[in-house]
Each structure stands twice: as C-alpha cells, then as structure tokens.
Amino acid sequence: FYNSNKLELKSYEVVQSTTRDIDLFTLYYKSSALTQGDTIFIHCLVAHLKAGNTGADATTRAAMTANMISYLQSNKEPGNYLFMGDLNTYTSEELCYQHVTDITAADFRFFDPIAKPGDWNNSSTYAAWHTQSVTTSSNGCQSSGGMDDRFDHILATAQIINGSMGLKYIDNSYQAVGQDGRHFNKSLTDSPINTSVPAEVLTALFNNSDHLPVRLKLEVNAGSAGGINNQAIFRNAGIYLVSQEMAHLFVTSENELPVRVSVISLTGQLVKSENMNLNRGRNEMPLDIRNLKKGVYIIRIADSLGRMASIKLVK
C-alpha cells in the first residue's frame, strides 16, 4: 500500500519467478509539475528470498537476485530504485547479497543506507539492526530464538543515496521499528522495558509477526531530473578509448541543444562534468580521462529538462 495523496502507481511487473516472484512496482510523485508532464519516479523491488541456512538455500537466493539484476540491466534505465523485503540473509558475504551490492551490478548497484556489512546472525554487534525473531518461544506460528537475525532490508541505488534524481535518503532515518538494541537473543517484550515505540505499538509488533518492519525516509526535490520528461531524445550513445588519457563519446541527438556531460563513480559521486553542444544527428566528442583512476564509471549526457543517456566506461 502507499499514500495515494503523494504517489500514483504507474506499472507493476514480475522481474524473476524462481521459487518466489520478485515484483517491481513503479510509482510516481504527485506534484504540481504533473500539469507540465513532469514528475519523479520511484521503483520498488519487493522480494521474499528463499529461507533456510543450507548451501542449497543460499544457492537459490543467489539465483533469485542474479535473475533480478540481469532483468534490470537488460530492460530498465537506471534511476531511483529500492530493493526491499525479507532477504533471509545471514551475512553480507552471501552471494545473493553480493549480486546486488557488488560493483558488477553497475548502474543497478544497491547500497545499504546504514553501511552495516558483516556476519549479522547471532552477533550482538548488530543488535540494533536485527529484525527476527520477536520471541524466544514459538506460539505455533512465529519462529522462536529471540532477536538475532538481520533478515529484513531496504537497499537503495546511488541515485537515492546521493539525491541525484530528485529523491534522496534522509541520513539516520533508517530503522527497524521496535528495535532498541537491548534485546539481543531476547523477546521484544522482555526486560529491560522497550521504549523505542509506544507500549501498544510494541504489543502489536510482538503479536503481528516474528519479523520487525524496516523503514526509512526520503526527501523529494520536485525540480530535479528523474521524471516523465526523461523521454528518449538521445540514441545510439556509446564511448571508446583512444588512449588512457582520451576517450571519444558518440551519440545521436534528435535536436540541436546544449548538454552537460558528467562522469560518475559507481558509488554515485560526481567525478567531473563539462558543458557541450550537440548537433542534430550523430555527434562525436572528445573526453579527457587522464585524471581518472582505473575503474568503472558512468558517463551521463543530460539536457536541461533532465533527459539523459548513460554509458559505462571501463578504464
């Protein structure tokens, strides 16, 4: 569900169906700019990965996230993506997690907003981020064991972490609701008294599930790029290396217009940018890369309306 005063559902699709579906919900922000045909998109990937702590379970989880990343790379443009749900992950080194957070995911690399990698299972170091289980004794439905697993996550692409496409993660807003960090291997309602939420909310969380919900806050900048006006205006964009100091961009433009060419690291940091002018038709432009370290970069060509083309550069 979502707040229909703020968001509208644009589309829904299944991006992979091994074991369980991973669903993609694309919503857009309802603002006054809609009358001019502009808005900001948010893409929500919702998953419930295979449960269990066997090698076979981990292999299935890895297949699910590999399928998801492959689908996104083949069918989607980079943007404001969240990957969320019960991932059933015991450690950040697990292959299913690496598939979405490693640099090989390129434009669809996801980041942990709180930057807490590690072996989450049964470690007091991560007590403040554990989401399962709310009870030490099962009632026939809930899993037992107490608070000792970080199964539930919200991960975000660099565009959201850095706010480069109109939607930005608000620092320190990520939380496991009802988690006070003082109930490692305990029930949520055990001593000491959990005051992180009102008492009636704590009771509801305890009775509702054996998982805690996870939340974060996002700030909208409705004047930024990332919206409906990102219609295709650039075609056949690419890049080739002339040397380790110079590359050539090529792109076909529908119009004559000024653009900004930006070089962005895979963590979403702007490395350099410069203004260029495109002619209608095919354009080829030199790009000085002598000061770039070896690695993978995204080259983004964007006009004043936020319409853009993204190209991967490997130096």
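Residues numbered from 1 in each chain as written. Predicted model: local features only at pLDDT ≥ 70, side-chain atom pairs only at ≥ 80, totals over all residues. Heavy atoms only, no water.

**Thoughts on the sheet that holds strand 13 (residues 257-265)**
One key point about sheets: their strands pair by backbone hydrogen bonds, in either a parallel or an antiparallel sense. Pairing within the open sheet is antiparallel, and its 4 strands lie in the order 14-13-16-17. Of all the strands in the sheet, just strand 14 (270-278) and strand 17 (308-314) have a single pairing partner and so form its edges. Taking the axes of each pair of neighbouring strands and ignoring which way they run, one obtains an average angle of 20 degrees across the sheet. Both strand 13 and strand 16 (residues 296-302) contribute to a ladder of 6 bridges, which runs antiparallel. Paired with V263 across the two strands is I299, which belongs to strand 16. (Pairing = 2+ DSSP bridges. Helix = DSSP H or I, 4+ residues; strand = E, 2+ residues; numbered from the N terminus. Axes fitted to C-alpha atoms, helices over the stretch in contact; angles between N-to-C directions.)

**Side note on the environment of R20**
Relative to the assigned elements, R20 resides in the loop between strand 1 (7-16) and strand 2 (22-29). In this structure, the C-alpha to C-alpha distance between R20 and P113, residues 93 residues apart in sequence, is 25 Å.

**Some words on the pairing of strand 6 (residues 152-157)**
In terms of residue burial, strand 6 counts as a mostly covered element, since 6 of its 6 residues are buried. On strand 6, burial covers both faces: D152, I154 and A156 on one face and H153, L155 and T157 on the other are all buried. Two strands pair when backbone bridges link them, and strand 4 (residues 81-86) and strand 6 are joined in this way by 5 bridges, in the antiparallel orientation. What sits directly across from M84, in strand 6, is I154. In this sheet, strand 6 lies alongside strand 5 (residues 110-111) in antiparallel orientation, the contact comprising 2 bridges. Across the sheet, residue F111 finds its bridge partner in strand 6, namely A156. (Buried < 20%, exposed > 50% of the residue type's maximum accessible area, 1.4 Å probe, protein only.)

**As for the side chain of T135**
Considering the arrangement of structural elements, one finds T135 in the loop between strand 5 and strand 6. According to the relative accessible area criterion, T135 is buried, its value standing at 3%. In contact with T135, other than residues within four places in its own chain, are Q142, S143, S144, G145, G146, S187 and F206. (Contact = heavy atoms within 4.5 Å.)

**A short note on the packing of aromatic side chains**
For any pair of aromatic rings, geometry is given as the distance between the ring centres together with the angle between the planes. The full count for this structure, using the stated rule, is 8 aromatic pairs. If you follow R150 out to its NZ or CZ, it ends over the ring of W120, 5.2 Å from the centre. (Phe/Tyr/Trp six-rings, centres within 6.5 Å; stacked < 30°, edge-to-face > 60°. Lys NZ or Arg CZ within 6 Å of the ring centre and 35° of its normal.)

**Examining the nonpolar core**
Ranked by size, the top nonpolar core spans 23 residues in total, and within it I22, L45, M68, F83 and F110 carry the most contacts. Those elements that provide at least two residues to this core are strand 2, strand 3 (41-48), helix 1 (55-75), strand 4 and helix 2 (95-101). Here this core takes 5 residues from helix 1, the largest share from any one element. Those residues in contact with M68 that sit more than four places away from it in its chain are V15, Q16, I22, L45, F83, V100 and F110. Counting 22 residues, the second-largest nonpolar core is a separate cluster that includes F234, V259, L278 and I301. (Core = buried A, V, L, I, M, F, W, Y, C linked by side-chain atoms within 4.5 Å.)

**Considering the confidence of the model for the protein**
With 93% of its residues at a pLDDT of at least 70, the protein reaches an overall mean of 89. Here residues 225-231 is a poorly scored stretch, pLDDT under 50, and it has 27 contacts once near neighbours within four places are set aside; other chains count. (pLDDT = per-residue confidence, 0-100.)

**A few points about the sheet that holds strand 5**
The 6 strands are arranged 1-2-3-4-6-5 in an open sheet whose pairing can be described as mixed. Edge strands, defined here as strands with exactly one partner in the open sheet, are strand 1 and strand 5. Pairing geometry for strand 2 and strand 3, over 6 bridges, is antiparallel. Paired with L24 across the bridge in strand 3 is L45. Helix 1 contacts strand 1, strand 2, strand 3, strand 4 and strand 5 of the sheet and is inclined by roughly 120 degrees relative to strand 1.

**A look at unusual backbone geometry**
Here the amide bond leading from Q132 into S133 is cis, since omega sits at 10 degrees, within 30 degrees of zero. Mapped onto the elements, S133 comes out in the loop between strand 5 and strand 6. A cis geometry characterises the amide bond from S191 onward to P192, with omega recorded as 0 degrees. Looking at the secondary structure, you find P192 in the loop between strand 8 (175-176) and helix 4 (199-208). Even without being a glycine, A115 presents a positive backbone phi close to 50 degrees. In this fold, A115 is placed in the loop between strand 5 and strand 6. Take A115: its relative accessible area is 56%, and that puts it in the exposed class. For N185, which is not glycine, the phi dihedral falls at a positive 55 degrees. Topologically, N185 is positioned in the loop between strand 8 and helix 4.

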